[in-house]
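# Results of the structural survey
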Amino acid sequence: MAAAYDRLAELKAFDETKAGVKGLADAGITDLPRFFHAPPHLLHGSPAAPADDPSYVFPIIDLDGAWEDPDKRNRIVGEIREASANWGFFHVVNHGVPARVVDEMKAGAHRFFELDVKQKKEYFGRDMTKKVVYNTNFDLYSSPAANWRDTILFHMAPNPPEPEQLPTCCREIVTEFSKEMLNLGDVLFQLLSEALGLRSNHLKEIGCLEGMDTAYNYYPVCPEPELTLGATQHTDTGFITVLAQDDIGGLQVLHRNRWVDVPPMSQGLVVNLGTLLQARHF
């Protein structure tokens, strides 16, 4: 007779290694631990969007000229209004964040997750109020299934960590990238305010720009990818999320009950309207 499956014990044993999914991948496992097995309704939910249907082409918004040319700014505001109302997502290009910063930020993720476990353990924990937290799935013990993903989260605003609290391998770039994101957030909230028919500074004045987290998500090669997901279907809870994708792809958004691939763009950034902003305005 087979022994009963003790999910909690298996979760604790995994969590106590503090090695994350990277540790499992490095160990060369061939069978995915059961707690990663996603329920069928998550793996086989809404269908994919038809590839040849232009109504499912992910929106791209060029911010070039938003400050110098009133006609271009009006066009950009209109495109943001349409994408926000109909998608809740859009790519931005010519956004002002230097290519060097975006590329180095991606490189910093690899440097951190490729550290040996002893070095990464220094940042491991489940207290999400700490300034820097590394773990696998913040909801590991409460979700129906774990995602195949490791994360390190930095609470960068309004009170950033002291420099020595950040990992040396990515300290400078996380600080620089976060400053660039606050600047870009200011721009986006101005354009979103205007898209809503409000004064440019409205969203900033009500506090939308006061807090910011910066995170690295890492998805090593999975031995049984048909059984799990890197991130299950969800909505972000804040005002906006700005995402720098790598060139591998895999990100999808739900649009009109179909899953749409978000094509990687080397210097493009994905903007995701969170539930707080959608509930309040769109």
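A brief structural summary. Only a predicted model underlies this, so the values are computations on that prediction, with no experimental measurement involved.

Rules used in this analysis
Residues numbered from 1 in each chain as written. Predicted model: local features only at pLDDT ≥ 70, side-chain atom pairs only at ≥ 80, totals over all residues. Heavy atoms only, no water. Helix = DSSP H or I, 4+ residues; strand = E, 2+ residues; numbered from the N terminus. Rg over C-alpha atoms; globule rule 2.2 N^0.38 Å. Buried < 20%, exposed > 50% of the residue type's maximum accessible area, 1.4 Å probe, protein only. Contact = heavy atoms within 4.5 Å. Areas by Shrake-Rupley, 256 points an atom, 1.4 Å probe, with all protein chains shown as cover. Salt bridge = Lys/Arg side-chain N within 4 Å of Asp/Glu carboxyl O. Pairing = 2+ DSSP bridges. Expected span 1.5 Å × (residues − 1). Arc of directions from axis to C-beta. Axes fitted to C-alpha atoms, helices over the stretch in contact; angles between N-to-C directions. Parallel < 35°, antiparallel > 145°, perpendicular 65-115°, else oblique. Left-handed = near helix turned anticlockwise from the far one by under 90°. Nonpolar A, V, L, I, M, F, W, Y, C, P; charged D, E, K, R; others polar. Phe/Tyr/Trp six-rings, centres within 6.5 Å; stacked < 30°, edge-to-face > 60°.

A few words now on the overall build of the protein. Assigned secondary structure in the protein consists of nine helices and nine strands. In terms of overall dimensions, the protein is globule-like: its C-alpha atoms have a radius of gyration of 20 Å, near the 19 Å expected for 282 residues. Dimensions along the principal axes, computed over C-alpha positions, put the protein at roughly 70 × 45 × 30 Å. Across the 282 residues that make up the protein, the buried fraction comes to 42%. Long-range pairs, those at least 24 residues apart, make up 73% of the contacts in the protein with a sequence separation of at least 6. Just so you have it, the protein exposes about 15,100 Å², and 52% of that area is on carbon and sulfur atoms.

So, on to the pattern of salt bridges. This model, assessed by the stated rule, comprises eight salt bridges. When the shortest N-O distance is used, the salt bridge between Asp26 and Lys22 registers 2.9 Å. Of this pair, Asp26 and Lys22 both sit in helix H2 (residues 20-26), four residues apart, which is roughly one turn of that helix. Among the residues examined, Asp26 registers a relative accessible area of 57% and is labelled exposed.

The two faces of a sheet get side chains in turn, since along a regular strand they alternate between them. Among the five residues that make up strand S2 (residues 89-93), five are buried, leaving the element largely enclosed by the rest of the structure. Along S2, one buried face is formed by Phe89, His91 and Val93 and the opposite face, lined by Phe90 and Val92, is buried too. As paired strands, strand S1 (residues 60-62) and S2 are joined by three bridges and run parallel to one another. Residue Asp62 lies in a different strand from S2, and its bridge partner there is Val93.

Attention now moves to helix H4 (residues 70-86). For an α-helix, the turn length of 3.6 residues means that residues three or four places apart are oriented alike. Under the 1.5 Å per step criterion, the end-to-end length of H4 is 24 Å for 17 residues, consistent within 8% with the ideal 24 Å. Within H4, burial applies to Arg73, Ile76, Val77, Ile80, Ala83 and Ser84. Along the axis of H4, the buried positions cluster into a sector of 135 degrees, meaning they face one direction only. Of the exposed residues in H4, the ones pointing more than 90 degrees away from its buried face are Asp71, Asn74, Glu82 and Ala85. Residues of H4 that are buried make contact with S1, S2, helix H7 (171-195) and strand S9 (269-273).

With an omega dihedral of 10 degrees, the bond running from Ala157 to Pro158 counts as a cis peptide bond. Structurally, the position occupied by Pro158 is in the loop between strand S4 (150-157) and H7. At Asn94, a residue that is not glycine, the phi angle is positive and equals roughly 50 degrees. One can find Asn94 in the loop between S2 and helix H5 (99-113). Despite not being glycine, Asn137 has its phi angle at roughly 65 degrees, a positive value. Looking at the element boundaries, Asn137 is found in the loop between strand S3 (132-135) and S4. A relative accessible area of 1% places Asn137 in the buried class.

Moving on: the packing of H5 against H7. In the contact formed by H5 and H7, the axes pass within 9 Å of each other and the chain directions differ by 135 degrees. One finds that H5 runs oblique with respect to H7. As H5 packs across H7, the resulting crossing turns out to be left-handed. The residues of H7 that touch H5, namely those facing Arg100, Val101, Glu104, Met105 and Arg111, are Ile173, Val174, Glu176, Phe177 and Glu180. For the contact of H5 with H7, a count of residues per class yields five nonpolar, no polar and five charged.

With that settled, the discussion passes to the packing of aromatic side chains. Applying the stated criterion across every chain yields a total of twelve aromatic pairs. Where Phe112 meets Tyr123, the ring centres are 6.1 Å apart and the plane angle is 65 degrees; that geometry is what we call edge-to-face. Separated by eleven residues along the polypeptide, Phe112 in helix H5 and Tyr123 in the loop between helix H6 (117-120) and S3 bring together distant segments of the chain. Taken individually, Phe112 and Tyr123 each receive the classification buried, so the pair is uniform in this respect. Aromatic pair Phe112 and Tyr134: ring centres 5.6 Å apart, planes at 75 degrees, arrangement edge-to-face. Taken together, the positions of Phe112 in helix H5 and Tyr134 in strand S3 put the pair 22 residues apart, joining distant regions of the chain.

Honestly, it's all geometry; don't read function into it.
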